Amino acid sequence: MSPTIAGIIEAAGILKGVIYRTPVDYSRTFSGLTGSNVYFKTENVQKTGSFKIRGAYCKISKLTPEQRDKGVITASAGNHGQGVAYAAAKAGISATVVMPSNAPIAKVEAVRDYGAVTVLAGKGYDDAYARAMELQAETGATFVHGFDDPEIIAGQGTIGLEILEQLPETDAIVVPVGGGGLIAGVALAVKSIRPDVKIIGVQSEAAPAMYLSHQSKCWQELPGQVCTLADGIAVRRPGRLNFDLICRCVDEMVTVEDEEIARAITMLLERSKMVVEGAGAVGLAAMLQKRVVMPGKNVVVVLSGGNIDINTVSILIERGLLRSGRRVYLRAIVDDRPGTLQNLLGAIAELQANIISVSHDRVDPRVPLKKAEVKLLLETRNDLHVREISNLLMAKGYEIISDKNI
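The rules we used
Residues numbered from 1 in each chain as written. Predicted model: local features only at pLDDT ≥ 70, side-chain atom pairs only at ≥ 80, totals over all residues. Heavy atoms only, no water. Helix = DSSP H or I, 4+ residues; strand = E, 2+ residues; numbered from the N terminus. Buried < 20%, exposed > 50% of the residue type's maximum accessible area, 1.4 Å probe, protein only. Contact = heavy atoms within 4.5 Å. Areas by Shrake-Rupley, 256 points an atom, 1.4 Å probe, with all protein chains shown as cover. Lys, Arg positive; Asp, Glu negative; His and termini not counted. Charge placed at Lys NZ, Arg CZ, Asp CG, Glu CD. Pairing = 2+ DSSP bridges. Right-handed = clockwise from strand over helix to strand, strands pointing away. Axes fitted to C-alpha atoms, helices over the stretch in contact; angles between N-to-C directions. Parallel < 35°, antiparallel > 145°, perpendicular 65-115°, else oblique.

With that settled, the discussion passes to the overall build of the protein chain. Check the secondary structure of the protein chain and you find 16 helices and 14 strands. C-alpha atoms of the protein chain, sized along the principal axes, occupy 80 × 50 × 40 Å. Within the protein chain, the fraction of its 406 residues that count as buried is 55%. A separation threshold of at least 6 residues defines the contact pool for the protein chain, and within that pool the share at least 24 residues apart is 72%. For the protein chain, the accessible surface area stands at approximately 17400 Å², while carbon and sulfur atoms represent 51% of it. Positive and negative side-chain charges in the protein chain, numbering 45 and 44 respectively, have mean positions lying 3 Å apart.

Even without being a glycine, threonine 48 presents a positive backbone phi close to 70°. Turning to its location among the elements, threonine 48 is positioned in the loop between strand S2 (37–42) and helix H3 (52–61). Positive phi outside glycine occurs at lysine 273, with the angle close to 55°. Position of lysine 273 among the secondary structure elements: in the loop between helix H12 (258–271) and helix H13 (278–288).

Here we come to the pairing of strand S4 (residues 95–99). Burial runs high along S4: four of the five residues are buried. Of the strand pairs in this sheet, strand S3 (residues 72–75) and S4 are connected by four bridges, and their pairing is parallel. Directly across from valine 72, in S4, lies its bridge partner alanine 95. Handedness of the crossover joining S3 and S4 through helix H5 (residues 79–91) is recorded here as right-handed.

As for its placement among the helices and strands, threonine 340 is situated in helix H15 (residues 340–350). Excluding residues within four positions of it along the chain, threonine 340 makes contact with Val334, Asp335 and Tyr398.

What follows deals with the sheet that holds strand S8 (residues 198–204). An order of S1-S2-S10-S7-S8-S9 is seen for the six strands of this open sheet, with the pairing classed as mixed. Two strands bound the open sheet, and with one partner strand each, they are strand S1 (24–26) and strand S9 (252–256). Strand after strand, the sheet turns through a mean of 25° between neighbouring axes, direction not considered. Looking at chain direction, S8 and S9 are connected through five bridges and run parallel. Of the residues in S9, the one forming a bridge with isoleucine 200 is glutamate 252.

Here helix H1 (residues 5–15) crosses H3 at 90°, and the two axes come no closer than 10 Å. Relative to H3, the element H1 is oriented roughly perpendicular. Along its contact with H1, which presents Ala11, Ile14 and Leu15, the element H3 presents Arg54, Tyr57, Cys58 and Ser61.

Have a look at this one:
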């Protein structure tokens, strides 16, 4: 059975009062940076932290009494599992969620908190899917696919309906793509009502199965495991049902690198005060990197989820500060005599850099005798400030070994 616009409209009725009607927010900051009028569809603040609850709830709401008795099972990198767990709890039925062994801790714990049984298996979504199918055969539970299912696609398509209602003058919608359920539903909904609206899909360059399929007009899967910061869209085998819809309804597909995704995450955090996971940030990354260029057009970027591990956030913030020159690791060789370290720190203070940490080593055999190595972590303003500090220290006779990340 293929998804239809009627099915998406029906799904909207099922979800009414269950999910949040997430805002479509204009961003002056990112509009200025991209040249488009950028709006965010903020599914990162949806119940369970992502759009996945939409499809999961629609699917589970249509189970027969016999299916409910046996419960449901699914495979998920995390977000779909949370949606299934939440929907199953609301329906009063049992749920088992099989997740990769390397799934973010925050997502695993959230699935458990919603009352589902979690099983960790394999190194990625596809391994988890294989294990889930084995368990499904043993238990008879209904398998709730994460993306390749008409009712799942219909649920995700309600995002497209909302966008057109909230911003009727939409010119384009930029959508993250993994298995393809989200963009298939959004594209079907939007093109059925406004065929002039451009639909653009974005994948991680490290997991481009649907991108390659769309480019070649032939369904493809990736060999071996995939690994990307955007774990929510790290899929080797895209949905076949989704592929057909994407070929019909999606105008363009592009990819972005993990480093570009990381920058988008930190910029959203700092400039828009939004917590967005890797999969949810790929659309903005594509716009910031000029993979999507639509000057003066109203472009809605779907921020599909906000379930990012706090340790990952910490690492991304630190890397972002280093990359922008707002933090720098500095290493210098100084004379090993009283007052030298104080003078070095005083020179740094002259240019208003904040010293976060200092390490003084006089016994490392790689350091010449009568010398000491000083490692500092400094809080700085930008790259220009870092160069000013380095130039001042060299002018004062200090031997700078490295002012790169060490």
